[in-house]
Amino acid sequence: MALRRIITEGNPTLKKVSRPVTSFDEKLGVLIDDMKQTLLDANGVGLAAPQVGILRRVVVVDNGEELLELVNPEILEQSGQQDGMEGCLSVPGKYGMVKRPNYVKLKAQDRGGRWHEYEGEELTARCFCHELEHLDGHLYTERAYQMLTEEEVEQMMQEDEEEA
Ligand code: NI
């Protein structure tokens, strides 16, 4: 396994549409393992292949219990609404307020090509939506109704602590 370099906003690759995975070969397994290691190293919640410069429909998501590997993911159902802060490893030092569904069900293949269904609520549902948008060349900054600086985020967290 190896760490991959995460590309950042301004790199044209992030705006391109990723192609479906058609070969479930060793190379795909290496990509997924590298993405998992890169996500853990970066302390992130999710990572999409285009963020490491690979235009293939592959995403890894930490749902709090395990690292999900999602190949060719497609949303099947979504419901509810949540409104909260979001960040992206490709947009370092920035955060934005984004409305997302509170529940998302999707299907995706594993590295062997088998289909599975996954459900997520709250942060995981937010992450599913965020990562799948990367596969279509979109960043959350296009959706955010308000962007926040790191100082504003710190202030918000401090206020939350004082209230608690
Ligand atoms: Ni992102």
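Reading the values: rules and limits
Residues numbered from 1 in each chain as written. Predicted model: local features only at pLDDT ≥ 70, side-chain atom pairs only at ≥ 80, totals over all residues. Heavy atoms only, no water. Phe/Tyr/Trp six-rings, centres within 6.5 Å; stacked < 30°, edge-to-face > 60°. Lys NZ or Arg CZ within 6 Å of the ring centre and 35° of its normal. Pairing = 2+ DSSP bridges. Helix = DSSP H or I, 4+ residues; strand = E, 2+ residues; numbered from the N terminus. Axes fitted to C-alpha atoms, helices over the stretch in contact; angles between N-to-C directions. Contact = heavy atoms within 4.5 Å. Donors = N, O, S within 2.8 Å, 3.2 Å for Na, K, Ca; no water. Buried < 20%, exposed > 50% of the residue type's maximum accessible area, 1.4 Å probe, protein only.

Student: Help me out: how do you make sense of the packing of aromatic side chains in this one?
Tutor: Pairs of aromatic rings are described using the distance from one ring centre to the other and the angle between the two planes. Applying the stated rule across the entire model yields zero aromatic pairs. Lying across the ring of tryptophan 115, lysine 107 places its NZ or CZ 4.7 Å from the centre.

Student: Where do I start with the sheet that holds strand S8 (residues 146-149) in this structure?
Tutor: Sheet strands pair by backbone hydrogen bonding; their relative direction is either parallel or antiparallel. Read from one edge to the other, the open sheet built from three strands follows the order S4-S5-S8, with strand pairing classed as antiparallel. Bordering the open sheet on either side are strand S4 (82-86) and S8, each of which pairs with just one other strand. Taking each pair of neighbouring strands and ignoring which way they run, the sheet shows an average axis angle of 25°. Two elements, S4 and strand S5 (residues 94-100), share five bridges in a ladder whose sense is antiparallel. Of the residues in S5, the one forming a bridge with glycine 84 is valine 98. Along the sheet, helix H2 (residues 122-135) contacts S4 and S5; its crossing angle with S4, the most-contacted strand, is approximately 65°.

Student: Which parts of the structure should I look at to understand the pairing of S5?
Tutor: The two faces of a sheet get side chains in turn, since along a regular strand they alternate between them. Bridge count for S5 against S8 is four bridges, and the pairing is antiparallel. Looking at the pairing, lysine 94 lines up with threonine 149 of S8.

Student: Whenever I open this one, the coordination of the nickel ion confuses me. Can you help?
Tutor: Geometry sets the ideal angles at a metal, namely 109.5 degrees for four tetrahedral donors and 90 or 180 degrees for six octahedral donors. The coordination sphere of the nickel ion, as far as protein atoms go, consists of Cys88 (SG), His130 (NE2) and His134 (NE2), spread over 2.1 to 2.3 Å. Spacing between the donor residues of the nickel ion along the chain follows C-x41-H-x3-H. Of this pair, cysteine 88 sits in the loop between S4 and S5 while histidine 134 is found in helix H2, placing the two residues 46 residues apart along the sequence. Looking at cysteine 88, the relative accessible area reads 10%, which means it is buried. The exposure class of histidine 134 is buried, given its relative accessible area of 2%.

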